[in-house]
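Survey of secondary and tertiary structure
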Amino acid sequence: MYDVIIIGAGVCGAAIARELSKYEARICVLEKEEDVCCGTSKANSGIVHAGFDASPGTWKARMNVKGSKMMKRMSEELDFPYQQVGSLVVCTDKTQQKGLYELLEKGETNGVEGLRILEKEELLKMEPNLSEEAIAALYAPMGGIVCPFGMNIAYAENACVNGVEFRFSSIVRKIRKIEEREAQMDSGLPSGFEVLIENQKGSEEVLLARFVVNAAGVNADLIHNMVSRNKIHITPRRGDYLLLDHTAGKQVSHTVFALPDIMGKGVLVTPTVHGNLLVGPTAIDIQDREGTNTTADGLCQVMEKSKKTVKDLPLGQTITSFAGLRAHEDGGDFILGEAVDVPGFIDCAGIESPGLTSAPAIGVWIADLLREKMNLHEKKEFFSRRKGMINPFMLSKEEQKELIRRNPSYGKIVCRCEKISEGEILDAIHRPLGARSLDGIKRRTRAGMGRCQAGFCTTGTMEILSRELEIPMTELTKCGGKSKIAVSFTKEEVKE
């Protein structure tokens, strides 16, 4: 019997779990994939939005501004990469320039600090590679960039260390509300919820919980509609991206937006915390909730639209393309709070942009809601700080030598493009909620994210995973499930 079951181990589910782990409660996170950060949270812009775009008074506006102000502190507590680089919303058409002032007014109403309009001369001094057509921009110094994988994993690891249970490859098939009258008739049955889950092997199990939190991303409407008569509807909105090599990473030093339209903030150009350049996304509504394939048309849109704000983009240095899904709810805002007709069922649904920025604030808000409803008490011992993985290349030469002397595995480079060592891969496997797949290693270490896109390091990483997990290489997967990489051996294995 759990006090709280959280459905979804994306950044919001992990943030809620971490904030709830401060209290004396039995908490379980259910995730249908094989790892944390496998849905919307794994494929986004990694932008920390300042908060000037959302309409005042909405959940998006409130959570965005609060989350943005929390980001620096949380990145220090949980040790994930974050940089406050600032953002620019660029206008290239005089007839639309009033849109900048409308955003400025929205932002000031929302409580965003430091906003101001830059005219062309000052703007081009700040960003020399902007389009010649740029005439003005809204500057938001509070804007930033973050590693979405690092942030999600950091929250989840800290929650795990503080006692939260994570169940992966657990698909929620049904949720049933246990009414108080039913509970009273059967003294062994608590008031709350029955959650029917199916595991990777197809076996079913019923879990009991006093409260359920729905943080299921693009599937949050399906989970909500299992229990509530007040139906909601989410449309998966696909965003295509281009990721450019480190050599293009300094093309811009701020996040550069175009003026937004009804489909979102448009195609942006931004540096990443890892030194790449990211361009995208599109905003294409689809029906497939697993539809993360890129399309030629989508990538062409990214290339054409990005040229309107930034000139001479070195698109020939693109090393990969990818697509992510945003959970666009018909109402256009986040849905947060207890379902009106289902006491104990808490929604965290419709979390599209600026969801990543809002996640720290959403985690606190929902944890506070449950603390009051459940009369939770703080733990005597809560580990608020988490130490991330060692990055040898952030150390001095002397520190690197000492690290390798103490642990020679840090001296063996497995991924040449990103300079990732065997020691880092071992750490990724043996940390709380450690990696169990190639993508799990990639998200934690960046092994495979470089110029050759895992062409060199795949076999080396597989060998380490196989050895450390004590499973044959034919059982290893790219991302869990049926995504096996090696189906059989071409030669008989050598027996020692």
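Notes on the structure in this doc start here.

What counts and how
Residues numbered from 1 in each chain as written. Predicted model: local features only at pLDDT ≥ 70, side-chain atom pairs only at ≥ 80, totals over all residues. Heavy atoms only, no water. Helix = DSSP H or I, 4+ residues; strand = E, 2+ residues; numbered from the N terminus. Rg over C-alpha atoms; globule rule 2.2 N^0.38 Å. Buried < 20%, exposed > 50% of the residue type's maximum accessible area, 1.4 Å probe, protein only. Contact = heavy atoms within 4.5 Å. Areas by Shrake-Rupley, 256 points an atom, 1.4 Å probe, with all protein chains shown as cover. Lys, Arg positive; Asp, Glu negative; His and termini not counted. Charge placed at Lys NZ, Arg CZ, Asp CG, Glu CD. Phe/Tyr/Trp six-rings, centres within 6.5 Å; stacked < 30°, edge-to-face > 60°. 1 Å grid on protein atoms, 1.4 Å probe; cavity = no way out; pocket = protein on both sides within 12 Å on 5 of 7 lines; lining within 4 Å. Points joined across faces, edges and corners; volume = space filled by probe spheres on them. Axes fitted to C-alpha atoms, helices over the stretch in contact; angles between N-to-C directions. Parallel < 35°, antiparallel > 145°, perpendicular 65-115°, else oblique. Left-handed = near helix turned anticlockwise from the far one by under 90°. Nonpolar A, V, L, I, M, F, W, Y, C, P; charged D, E, K, R; others polar. Pairing = 2+ DSSP bridges. Disulfide = S-S within 2.5 Å. Arc of directions from axis to C-beta.

A count of helices and strands for the protein gives 13 helices and 22 strands. Its C-alpha atoms give the protein a radius of gyration of 23 Å, within 12% of the compact-globule value 23 Å for 496 residues. Based on the C-alpha atoms only, the size of the protein along its principal axes is roughly 75 × 65 × 45 Å. A burial count over the protein gives 54% of its 496 residues as buried. Counting only contacts in the protein whose residues sit at least 6 apart along the sequence, the fraction spanning at least 24 positions is 71%. Carbon and sulfur atoms provide 50% of the accessible area of the protein, an area that totals close to 22,500 Å². Both charge centroids of the protein, one from 64 positive and one from 68 negative side chains, sit 2 Å from each other.

A few words now on the packing of aromatic side chains. Applying the stated rule across the entire model yields four aromatic pairs. For the ring pair Trp59 and Trp365, a centre distance of 4.9 Å and an interplane angle of 70° mean the geometry is edge-to-face. One end of the pair, Trp59, is in helix H2 (residues 59-78); the other, Trp365, is in helix H9 (residues 355-374), with 306 residues separating them in the sequence. The class of Trp365 is partly exposed, set by a relative accessible area of 27%. Summarising the aromatic geometry, the rings of Phe193 and Phe345 are spaced 6.4 Å apart at their centres and angled 55° between planes, so their arrangement reads as tilted. Taken together, the positions of Phe193 in strand S11 (residues 192-198) and Phe345 in strand S20 (residues 345-349) put the pair 152 residues apart, joining distant regions of the chain.

Now for the layout of surface pockets. Considered as a void within the structure, the second largest pocket measures approximately 990 Å³ in volume. Along the wall of the second largest pocket there are 29 residues; nearest its centre are Pro81, His274, Met389, Asn391 and Met394. Taken together, the elements giving at least two residues each to the lining of the second largest pocket come down to helix H5 (148-161) and helix H12 (438-445). It is H5 that contributes the most residues to the lining of the second largest pocket, four residues altogether.

With an omega of 0°, the peptide bond running from Gly280 to Pro281 counts as cis. Cis geometry is adopted by the peptide bond preceding Pro354, which originates at Ser353 and carries an omega value of 10°. Secondary-structure assignment places Pro354 in the loop between S20 and H9. Within the chain, Cys37 stands out as a residue other than glycine whose phi angle is a positive 60°.

This paragraph deals with the packing of helix H1 (residues 11-20) against H5. In contact at an axis separation of 8 Å, H1 and H5 are set at 30° when each is read in the N-to-C sense. On the basis of the axis angle, H1 is roughly parallel to H5. Crossing of H1 against H5: the hand is left-handed. Every residue of H5 that contacts H1 at Val11, Ala14, Ala15, Ala17, Arg18 and Glu19 is listed here: Met151, Asn152, Tyr155, Ala156, Asn158 and Ala159. Counted by class, the contact of H1 with H5 contains eight nonpolar, two polar and two charged residues.

Bringing the pairing of strand S12 (residues 204-214) into the picture now. As defined by bridge partners, strand S1 (residues 2-7) adjoins S12 across five bridges and the pair is classed as parallel. Considered in S12, the bridge of Ile5 is made with Val212. Sheet topology places S11 next to S12; six bridges connect them, and they run antiparallel. Within the sheet, the bridge partner assigned to Glu194 lies in S12 and is Leu208. In this antiparallel pair of consecutive strands, S11 and S12, the connection spans five residues, and Gly202 shows a positive phi of 90°.

In this section: the packing of H2 against H5. Packing of H2 against H5 leaves a shortest axis separation of 10 Å and a crossing angle of 60°. Here H5 runs oblique to H2, going by the angle between their axes. Here the hand of the crossing between H2 and H5 comes out left-handed. Residues Met71, Met74 and Leu78 of H2 touch H5, and the partners they reach there are Met151, Ala154, Tyr155 and Asn158. Residues belonging to the contact of H2 with H5 are distributed by class as follows: six nonpolar, one polar and no charged.

Time to look at empty space enclosed by the protein. If you walk through the whole model with that rule in mind, you get two cavities of 30 Å³ or more. Here the second largest cavity defines a volume of roughly 30 Å³. Taken together, Ala50, Val65, Ser68, Lys69, Gly111, Val112, Glu113 and Met142 form the lining of the second largest cavity. By residue class, the composition of the lining of the second largest cavity is four nonpolar, two polar and two charged.

In spatial order, the strands read S3-S8-S4; together these three strands make up an open sheet with antiparallel pairing. Both outer strands of the open sheet, strand S3 (47-48) and strand S4 (82-83), are each paired with one neighbouring strand and no more. Relative to strand S8 (residues 144-146), S3 runs antiparallel, the two sharing two bridges. The residue of S8 that forms the bridge with Val48 is Gly144.

Moving on, we come to the state of the cysteines. Counted according to the given criterion, the structure contains zero disulfides. Of all cysteine sulfurs, the one in Cys28 lies closest to Cys160, which takes part in no disulfide; the gap is 11 Å. Of the cysteine sulfurs around Cys415, a residue in no disulfide, the closest is that of Cys457, at 4.2 Å.

Glancing now at the environment of Phe166. With respect to the helices, strands and loops of the structure, Phe166 is situated in strand S9 (residues 165-167). Separated by 37 residues in the primary sequence, Phe166 and Ser203 place their C-alpha atoms 18 Å from one another. When residues no more than four places from it in sequence are discounted, the contact partners of Phe166 are Ala9, Val29, Val36, Ala156, Ala159, Cys160 and Leu433.

Let us now look at helix H8 (residues 296-306). All of the buried residues in H8 are Gly298, Leu299, Val302 and Ser306. Taken end-on, H8 shows its buried residues confined to a sector of 95°, consistent with a single buried face. In H8, the exposed residues that point more than 90 degrees away from the buried face are Ala296 and Asp297. Among the structural elements, strand S13 (234-244), strand S15 (268-271), strand S16 (277-280), strand S17 (284-285) and strand S18 (318-329) are those in contact with the buried residues of H8.

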